[in-house]
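Structural overview
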Amino acid sequence: MAPGRRIRRTAEVVLGVAVGVLVAELVVQALGPRTTSTVLVVVLLTVTLAVAVGASSVSTVPTTLSALYLAVVSPPNETLVPVRFVDALIGGVVALVTSQVLNVRRPLVPLAGQ
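So, a few notes on the structure that sits alongside this text. (Residues numbered from 1 in each chain as written. Predicted model: local features only at pLDDT ≥ 70, side-chain atom pairs only at ≥ 80, totals over all residues. Heavy atoms only, no water.)

1. Quick word on the overall build of the protein chain
When helices and strands are tallied, the protein chain shows five helices and zero strands. Ordering the α and β elements of the protein chain from the N terminus gives α-α-α-α-α. Per-residue burial for the protein chain yields a buried fraction of 26% across its 114 residues. Contacts in the protein chain between residues at least 24 apart in sequence constitute 72% of all its contacts with a sequence separation of at least 6. Accessible surface computed for the protein chain: about 7400 Å², of which carbon and sulfur atoms make up 73%. (Helix = DSSP H or I, 4+ residues; strand = E, 2+ residues; numbered from the N terminus. Buried < 20%, exposed > 50% of the residue type's maximum accessible area, 1.4 Å probe, protein only. Contact = heavy atoms within 4.5 Å. Areas by Shrake-Rupley, 256 points an atom, 1.4 Å probe, with all protein chains shown as cover.)

Written out as structure tokens, the structure is:
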């Protein structure tokens, strides 16, 4: 992958997952958890949003899977504050920063083609 593209793809996945979490939270609060209509609406909305913003399949799949997980498996949150959305953003930023700090320790690896 070209230099700089890795960070862009990672940021795209982080934002996609956070948006998927937010969409799932809103749909579950509106329609209720664990119903067929909720699953259908969550999948349609997340895929439609990802395609509308021009996201690649690399970020569309995690976006949809994170939203689907919250709609089906995870118990609903009764608050109107999107706590899981903020948690997803914080976790993604921490992972992005950590991966970049660990990459700095081996600065010649991308040049060697390994």
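2. Side note on the nonpolar core
In this structure, Ala18, Val21, Val23, Ala24, Val27, Val28, Val42, Ala67, Leu70, Ala71 and Ala88 together form the largest nonpolar core, which totals 11 residues. Where this core is concerned, the elements lending two or more residues are helix 1 (5-31) and helix 3 (57-72). Here Ala24 is in contact with Val42, Ala67, Leu70 and Ala71, once residues within four sequence places are set aside. (Core = buried A, V, L, I, M, F, W, Y, C linked by side-chain atoms within 4.5 Å.)

3. Remarks on the packing of helix 1 against helix 3
Their axes nearest at 7 Å, the elements helix 1 and helix 3 cross at an angle of 30 degrees. On the basis of the axis angle, helix 1 is roughly parallel to helix 3. Crossing geometry of helix 1 relative to helix 3 is assigned as right-handed. Contacts between helix 1 and helix 3 involve Arg9, Glu12, Val13, Gly16, Val17, Gly20, Val21, Ala24, Glu25 and Val28 on the former and, on the latter, Val58, Ser59, Pro62, Thr63, Ser66, Ala67, Leu70 and Ala71. Among the residues making up the contact of helix 1 with helix 3, the classes are represented as 10 nonpolar, five polar and three charged. (Axes fitted to C-alpha atoms, helices over the stretch in contact; angles between N-to-C directions. Parallel < 35°, antiparallel > 145°, perpendicular 65-115°, else oblique. Left-handed = near helix turned anticlockwise from the far one by under 90°. Nonpolar A, V, L, I, M, F, W, Y, C, P; charged D, E, K, R; others polar.)

4. Thoughts on the side chain of Thr63
Structurally, Thr63 can be placed in helix 3. For Thr63, a relative accessible area of 6% corresponds to the buried category. When near neighbours in sequence (up to four residues on either side) are disregarded, Thr63 contacts Gly16, Val17, Gly20 and Thr46.

5. With respect to a nonpolar patch on the surface
Taken together, Tyr69, Val72 and Val73 make up a surface patch of nonpolar side chains, about 260 Å² in accessible area. Here Val72 lies in helix 3. (Patch = residues over 30% accessible without salt bridge, like charges linked within 9 Å, V, L, I, M, F, W, Y side chains within 5 Å. Salt bridge = Lys/Arg side-chain N within 4 Å of Asp/Glu carboxyl O.)

6. A closer look at helix 1
For helix 1, which comprises 27 residues, the first-to-last C-alpha distance of 38 Å matches the rise-based estimate of 39 Å (1.5 Å per residue) to within 8%. Within helix 1, the full set of buried residues consists of Glu12, Val14, Gly16, Ala18, Gly20, Val21, Val23, Ala24, Glu25, Val27 and Val28. Two residues or fewer after helix 1 comes Gly32, characterised by a positive phi angle close to 95 degrees. (Expected span 1.5 Å × (residues − 1).)

7. Some remarks on the environment of Thr35
Mapped onto the secondary structure, Thr35 falls in the loop between helix 1 and helix 2 (36-52). With relative accessibility at 30%, the residue Thr35 sits in the partly exposed group. In the structure, Thr35 is positioned 37 residues away from Val72 in sequence and 7.8 Å away in space, judged by C-alpha atoms. Of the polar contacts made by the side chain of Thr35, one reaches the side chain of Thr38; its length is 2.6 Å. (Polar contact = N/O pair within 3.5 Å; in protein donor to acceptor, adjacent residues only side chain to side chain.)

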